[in-house]
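Structure assessment
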Amino acid sequence: VSAGRWMDRREFLVATAIVGGGMALRVIGAPPRALAKGQESPLPINPQPWLPPAPGGVEVGPWVVIGADSSVTVRVNQSEMGQGVFTSNAMMICEELDCDWSRVRAVYADANRSVRENGVYGRMATGTSASVRRGRVLYQQAGASARERLRLAAAQHWDVPPAEVETANGVLTHTPTRRTLTYGEVAPVAATIALIEEPAIKTPAQYKLIGRRVRMLDTELKVYGQATYGIDVRLPGMVYAATKQPPTYGGTLKRLHFDAIKNRPGVIAVMRMDGIGPAGGVAVVADTWWRAKTALDALPIEWDSGPNATKGSPDLYEEFRAKLDEPGPIAVDQGDAESILRSASRVVEAVYETAHQAHATMEPPNCTAQVTGDRADVWLGVQDPAGALNTVARLTGLPGENVYVHNCFEGGGFGAGGTRGELAQAVVVARALGGRPVKVLWTREEDIRRPNKYHPMVSARLRAALGPDGKPTAIWIRTVGNPLDGGLTQYGKYQATVHRQLLRGFHLLPYGVPHQRVEVHAVETWVPVGAWRSTGSHPNVFFLESFVDELAHAAGKDPIDYRRALIAAAAPESFEDHAKDDWLRTLDVAAEKSGWGQRLPRGTGMGFAIDDRKFIPARGLAIGAIVARVSVAQTGTVSVERIDIVYDQGHALINPEAVERQLRGQIAWSMGPAMTQEITFRNGGVVESNFHDYPMIRLAEFPKQVHIHYVKTNRWISGVGEEIVPLVTPAIYNAIFAATGKRIRSMPLRHHDLRWS
Amino acid sequence: VITLKVNGKSYDLDVEADTPLLWVLRDTIGLTGTKYGCGVSECGACTVHVDGQGQRSCAISVGAVAGAEITTIEGLSEDKTRPVLVAWIQEGVPQCGYCQPGLVMAATALLSQTPNPTDADIDDGITNICRCGTYAEIRRAIQRALALLKGRDPDQGGRQ
């Protein structure tokens, strides 16, 4: 990918011509144009992304606005969290619209309009890597529809058959006479045309824009510090609130002593938040946030510490381990795994555990709200603006038509952005302030200790019986986890009630084992849990890909060769979407490209992991594999030297630059829990509080070499936002085993002594 | 009243002297490009230049920098031609983008203090946190900025 350069917007036409001529594409982005003093930067997205980047224009369908100058503004119904939806969703429309990419702009679709117009913007929640999976046909169709209407408008203008009108780069041409009209010229008429039949959309072989390397439309805004995140919203007369929830889970606010702080500079009010937000607590309102925050720090508060005041992480682990000894709901029962294991001469058994994790998005939770008698406005970066609108309507009693969610840039999502306590806090405080806007902002400490939800801990016991050839004859898995966001389903031949995220991946093992049994316990604890980038795949792929590695070593086989044999032996029905051959090809590409099998210095090893993100019910696949090359110093310090990622290219990737940024970034996300991060509980509360004790991966720890390789497959992949996350830990830990002979069965690494001599 | 000099402009401010510079920049002056990430000098999202040195503005009281020349992301380069900015855009570093102004300020400070940094200098000098994990792009952008500063073609060699 070293030659992976992208299209500069102004160079797109040139590059298209070059590619059309069959030459290799290597286009270098030109330097950004220097701005004259005082000149407005002509950027394609408004710094306030809920507002259009330029005024005016004519709407040709709800998704496309065409300016008199033939510029195109695309409305995007997914939230930009860094995955590039402002760009990739615009690309999907422009692929069909035949417009000039250098004049394409984007703006958020409006949740309020969607309420007023019968859900015109469809599903606005962003998550499960689904922006392209759910949006591609919709966006292509919207672009094709607008293009057809423009064509019909031009045909009407010239009084010619529509078939004689061609579209390209925002220009309509009457082919017999070479007369031309611009999109801007015919847009007002096109807007009045209704199609009797929707035009067909392009197939991947016809794509010209999709699949090109395109720089994200919001790059300049973000580099210049101009992008407006929720935390950056400023309104006339706005005041600020700092909030604090009870320090223990299950705790409540007893009493507070406002007199102690009411004369501090700038302090306006204190409010009890009973029943509001994730867990109630208190809000202090002041004229600046710093004054609100320091006043809250100084406020004497009496808490009722609640029923969990003596509980901590050891209790949670003890409860889960005890449950591992109890039979659980049986999701998979093939053959007779238990009796095979009882009579087997060789059995491998291991217990694996994962810890709770926080999202810790770089932008701390915040929300700005203004509530008057008949209208509510909120400003925040949110993964689900339509859901936020409903929450505000419920809290204020206002009809949804009177609620406006101004979706801002969002400083990271990662699954944190669905249900938001900060939103509820802001609306309740704003309502009490009677029309005065207020910004609620959490401290990082509040975000680490009292977030809306954590990634749940999971414990699992795995057993396998090995036959004389070293291959498993039976596998038995029992897992215990805290269920999140509902997610219960009836599964398997006994229709057992199991949690889908806890079962994920174990329901269709890719490895051919004749006797299989999987039991899944869901244990509700007092810790609030929910989605977190890759969710159930994160623990389960760690368990399975580590355990298979254990089996390979027990059998004395190379871990990739061993997997290849087991995949080859698996029934075709063990793979969704006829993917067995794709799994084998992915594995082979990983071995070849990573230099698997080479001689390595002492203390250095390579580890492998593979998965396809299958879910229950099936919603598509994206096969990924990682090879990690890791060195372990004699002091026990681990360095991840190189990561090779093999990824499912499917029919097409919309913007490979966005895809590769997602893939590389997930290495850092997942190395956090693998190396250092862990949320622990003591006395009913959380021990960690900020980045010094919940440490993030930084530049120095990030592997110096990351290589991305693709496997072309015959499917639309399920996504790219989280698929690498589950593979990182098992690949690194398997590499550590190869380097040191030490098997790591729990995160994070800092709990394990890896010194050697 | 505290007088603060930010991006070449003077501000007379009615704030407590122990207020962190970050909050004065963001909430009192309205320069929101400088971000709050941790408040304890860990993440670097609030990095600004104080008399040319990279500093974490969440951990400096406004009273301590009265009279100093403070530069924020908004004032780094009026015409946006500064090599670090250009390199950051050409490499397309940002994902969610929240930490990027702090990274740009940290990288600018590093390259002005250490004109010929080694890989280790860069690892030691850029300790900002990026939760999206844009670290590969950050390394490339710093190398590109170095090439631009030295008048080399940034697309010839030096890329991993």
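Thresholds applied
- Residues numbered from 1 in each chain as written.
- Chains lettered and ligands numbered in written order.
- Predicted model: local features only at pLDDT ≥ 70, side-chain atom pairs only at ≥ 80, totals over all residues.
- Heavy atoms only, no water.
- Helix = DSSP H or I, 4+ residues; strand = E, 2+ residues; numbered from the N terminus.
- Rg over C-alpha atoms; globule rule 2.2 N^0.38 Å.
- Buried < 20%, exposed > 50% of the residue type's maximum accessible area, 1.4 Å probe, protein only.
- Contact = heavy atoms within 4.5 Å.
- Areas by Shrake-Rupley, 256 points an atom, 1.4 Å probe, with all protein chains shown as cover.
- Lys, Arg positive; Asp, Glu negative; His and termini not counted.
- Charge placed at Lys NZ, Arg CZ, Asp CG, Glu CD.
- pLDDT = per-residue confidence, 0-100.
- Buried area = accessible area lost by both parts, 1.4 Å probe.
- Salt bridge = Lys/Arg side-chain N within 4 Å of Asp/Glu carboxyl O.
- Polar contact = N/O pair within 3.5 Å; in protein donor to acceptor, adjacent residues only side chain to side chain.
- Nonpolar A, V, L, I, M, F, W, Y, C, P; charged D, E, K, R; others polar.
- Pairing = 2+ DSSP bridges.
- Axes fitted to C-alpha atoms, helices over the stretch in contact; angles between N-to-C directions.

Here we look at the overall build of chain B
On a plain count of helices and strands, chain B comes out with five helices and five strands. Beginning at the N terminus, the succession of helices and strands in chain B can be written as β-β-α-β-β-β-α-α-α-α. For chain B, the C-alpha radius of gyration of 16 Å lies close to 15 Å, the compact-globule estimate for 160 residues. With the C-alpha coordinates aligned to their principal axes, the bounding extent of chain B is approximately 55 × 30 × 25 Å. Put simply, chain B has 160 residues, and 61% of those count as buried. Contacts in chain B between residues at least 24 apart in sequence constitute 55% of all its contacts with a sequence separation of at least 6. Within the structure as shown, chain B displays about 5,400 Å² of accessible surface, and the carbon and sulfur contribution to it stands at 45%. The positive charge centre, built from 14 side chains, and the negative charge centre, built from 19, are 7 Å apart in chain B.

Quick look at the overall build of chain A
Counting its regular elements, chain A contains 18 helices and 29 strands. With the C-alpha coordinates aligned to their principal axes, the bounding extent of chain A is approximately 85 × 75 × 50 Å. A buried classification covers 63% of the 757 residues belonging to chain A. Counting every atom, chain A has about 26,800 Å² of accessible surface; 51% of that belongs to carbon and sulfur. Within chain A, the 78 negative side-chain charges are centred at a point lying 3 Å from the centre of the 84 positive side-chain charges.

A short note on the confidence of the model for chain A
Overall, the predicted model of chain A reaches an average pLDDT of 93, with 94% of residues at or above 70. Considering only residues more than four positions removed or in separate chains, one finds that residues 10-41 of chain A, a stretch of pLDDT under 50, has 49 contacts.

Examining the interface of chain A and chain B
By convention, interface size is frequently given as the accessible area that disappears when the constituent parts associate. Facing the 66 residues of chain A at the interface are 63 residues of chain B. When chain A packs against chain B, close to 5,600 Å² is buried across both sides, 56% of that on carbon and sulfur atoms. Considering only the surface of chain A that becomes buried against chain B, Val-223, Met-362 and Leu-699 of chain A emerge as the three largest contributors, covering 14% of it. Where chain A touches chain B, the interface holds six salt bridges. Of the charged contacts in the structure, one is a salt bridge between Glu-137 of chain B and Arg-664 of chain A, with a shortest N-O distance of 2.6 Å. Counting every contact that joins chain A to chain B gives 30 residue pairs in polar contact (both at pLDDT 80 or more). Of all elements in the fold, only helix H6 (219-223), helix H7 (289-298), helix H12 (444-449) and helix H17 (656-675) of chain A reach the threshold of two or more residues within the side of chain A that touches chain B. For the side of chain A that touches chain B, the class distribution of residues is 34 nonpolar, 15 polar and 17 charged.

Quick notes on the sheet that holds strand S24 (residues 604-611) of chain A
Residues and elements named next belong to chain A. Sheet architecture is open: four strands sit in the order S24-S25-S26-S29, paired in mixed fashion. Of all strands in the sheet, those with a lone pairing partner are S24 and strand S29 (705-711), marking the two edges. For this sheet, the mean inter-axis angle between neighbouring strands, taken without regard to orientation, is 15 degrees. Both S24 and strand S25 (residues 624-632) contribute to a ladder of eight bridges, which runs antiparallel. Looking across to S25, one finds that Ala-609 is bridged to Ile-626.

With respect to the pattern of salt bridges
Residue and element names in this part refer to chain A. Tallied over the entire structure, the rule returns 57 salt bridges over all chains. The residue Glu-660 makes a salt bridge to Arg-213 at a minimum N-O spacing of 3.0 Å. With Glu-660 in helix H17 and Arg-213 in the loop between helix H5 (183-190) and H6, this residue pair connects regions lying 447 residues apart in the sequence. Glu-349 is paired through a salt bridge with Arg-463; the nearest N and O atoms lie 2.8 Å apart. Here Glu-349 is found in strand S14 (residues 347-354), whereas its partner Arg-463 is found in strand S19 (residues 458-466), with 114 residues between them in sequence. Note on Arg-463: relative accessible area 24%, which makes it partly exposed. Each of the salt bridges in this network shares a partner with another, and the network as a whole consists of Asp-577, Asp-581, Asp-582, Arg-585, Asp-648 and Arg-715.

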